[in-house]
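Remarks on the overall topology
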Amino acid sequence: MPDKNTRTLDLLIHLCDDLAWGRPADADALFALTRSGSSTPALERLAEAFGMMIVKVETREFQRAELLEKVEQLEQELEKSRARLHEENRHVVETLQREYNVRRIIGHCPAMKQVVAQALAIARRPINTLILGPSGTGKEIFAKTIHYHSPRRDAPFVAVNCTAIPDSLFESEMFGIEKGVATGVSARRGLVEEASGGTLFLDELADMSLPNQAKLLRVLEEREVLRVGSARPVPVDIKIIAATNVDLKQAVAQGRFRQDLYYRLNVAELTLPPLHERGDDILLLARHLLAQHARNMDREPLTLAPATRQCLLAYDWPGNVRELGNEMERAAALTVDSVVRPSDLSPKLLAALARSGGIGVPGAAIPAAEPALPASFNLEEAERLLVQRALEACQGNKSRAAELLGITREGLRKKLLRLDRNPSAPDREDA
């Protein structure tokens, strides 16, 4: 019959076996073995060591269970975040598709109708496109319109300002870089790779240096990029839309732009007309932009006085739609009542109206000898000249001149007082 020590040793071996196979250990039996006199001192110490081991194992099991629970919770949260991000991305894409819907492009003139039709035709084909036109005509808007009407609409639209990338960073920014190329550098994808599957928009293309033009041409021809510090090329699938206000044909002739890159990009060409050639589109855009800025400033809707509309049509808009937007933002901020009058506009617009000879009034003759525009003028001088033109156009009739200027007759009287003219001169209509 086995003695007490043998039974104790067998119990410890059994407990060890339980621990090895992950079975629950009999902690009460083990605790009983640690009591003084239950066995030899050596076996008591061994039992106590087993007890400490069981405590540590149970602690680790508890920690592992907690960790697994946290991991499961994080996975659930990650899945919710992934679903939320997918929904937000879908919402963003849908918003952008609505924002850049071709029907939202404002313009009824023949030139704009032709440009819109061309843009829709280009969008349906996976061809590189060159958008030409003066600064401020909306080249990026048309680039996004083409993208969001194309089969690539759900893929990225990546815009690159070629002027903003220094030559020393061109390759790493455009093509990416591998980890460890320099101290503290992490691996990252370039803009070309980011746009893969979608559209890469190259704004201010003509500002790209000749060496960088050669690097871009290689990417377009090989349809792959090589990250800085890597020997393994990465295939890319991109549609290029490039924009510039420079005459690229002339730049090619002067050696400032590569001819092969020009032909590679100019598969389709879209030329946007300057604003001053778009006629009444100026007023359509002005009303739209004025309403937009008024909403942004929590103002009631604003309207354009007749004379204000004439000011907008008389100006040549060298900054095009961008400049018109700035002017309407200024008017929305500074106009006191609900009507934008000529005095609410920049002096340059009043001067343009004065140079054009005022506005035509049916049946009214503009005097042959017109006051000359001052070589140096400010708002008050331009306003004085505009009032003078209006009175001359209306043959001294203050009521008609006030209507022409978009103000009341009393407003004209006060303006004449401020401009040191004779407000009490008889109205020729009453004479």
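None of these values were measured; they are calculated from a predicted model. (Residues numbered from 1 in each chain as written. Predicted model: local features only at pLDDT ≥ 70, side-chain atom pairs only at ≥ 80, totals over all residues. Heavy atoms only, no water.)

Let us look at the nonpolar core. Core analysis: the largest hydrophobic core is formed by 39 residues, its most contacted members being L290, L312, W317, L324, M328 and L412. Elements represented by at least two residues in this core include exactly α11 (281–296), α12 (306–314), α13 (320–334), α14 (347–355), α15 (379–393), α16 (398–405) and α17 (409–418). With seven residues, the top contributor of residues to this core is α11. Residues V160, I165, L200 and L217 belong to the second largest nonpolar core, which totals 33 residues. (Core = buried A, V, L, I, M, F, W, Y, C linked by side-chain atoms within 4.5 Å. Buried < 20%, exposed > 50% of the residue type's maximum accessible area, 1.4 Å probe, protein only. Helix = DSSP H or I, 4+ residues; strand = E, 2+ residues; numbered from the N terminus.)

This prediction gives the protein chain a mean pLDDT of 82; 82% of its residues lie at or above 70. Within the model, the stretch residues 359–376 combines pLDDT values under 50 with 30 contacts to residues more than four positions away or in other chains. (pLDDT = per-residue confidence, 0-100. Contact = heavy atoms within 4.5 Å.)

Take the pairing of strand β5 (residues 199–203) next. Burial analysis of β5 places five of its five residues in the buried class, which makes it a mostly covered element. The alternating pattern of β5 places T199, F201 and D203 on one face and L200 and L202 on the opposite face, and all of these are buried. Two strands pair when backbone bridges link them, and strand β2 (residues 157–161) and β5 are joined in this way by five bridges, in the parallel orientation. Bridge assignment links V160 to a residue of β5, and that residue is L202. Bridge count between β5 and strand β8 (residues 239–244): four bridges; the pairing is parallel. Note that in β8 the partner of L202 across the bridge is A242. (Pairing = 2+ DSSP bridges.)

The strand order β2-β5-β8-β1-β9 describes an open sheet built from five strands, whose pairing is parallel. For this open sheet the edge positions go to β2 and β9 (268–271), each flanked by a neighbour on one side alone. Recorded for the sheet is a direction-independent mean angle of 20° between the axes of neighbouring strands. Relative to β9, strand β1 (residues 129–132) runs parallel, the two sharing four bridges. For L132, the partnering residue across the bridge sits in β9 and is T271. (Axes fitted to C-alpha atoms, helices over the stretch in contact; angles between N-to-C directions.)

The way to describe two aromatic rings as a pair is by their centre distance and the angle between their planes. This model, assessed by the stated rule, comprises four aromatic pairs. Their ring planes at 25° and their centres at 6.0 Å tell us that F157 and F201 sit as a pair that is stacked. Residue F157 is found in strand β2, and its partner F201 is found in strand β5; the two are separated by 44 residues along the sequence. For F157, a relative accessible area of 17% puts it in the buried group. Where Y315 meets W317, the ring centres are 4.7 Å apart and the plane angle is 85°; that geometry is what we call edge-to-face. Note on Y315: relative accessible area 8%, which makes it buried. (Phe/Tyr/Trp six-rings, centres within 6.5 Å; stacked < 30°, edge-to-face > 60°.)

Tracing the backbone shows R152 in the loop between α5 (139–148) and β2. Given the relative accessible area of 14%, R152 is considered buried. A distance of 3.4 Å separates the side chain of R152 from the backbone oxygen of G197, its partner in a polar contact. For R152, the side chain forms a polar contact with the side chain of D237, separated by 2.8 Å. Not counting the four nearest positions on each side in its chain, R152 is found in contact with H147, G197, G198, T199, D237, I238 and K239. (Polar contact = N/O pair within 3.5 Å; in protein donor to acceptor, adjacent residues only side chain to side chain.)

So, on to the environment of A268. Among the structural elements, A268 can be located in strand β9. In this structure A268 comes out as buried when scored by relative accessible area, which is 11%. Note: C-alpha distance between A268 and I241 (27 residues apart in sequence) is 9.5 Å. Setting aside anything within four residues of it in sequence, one finds A268 in contact with I122, I127, N128, T129 and L130.

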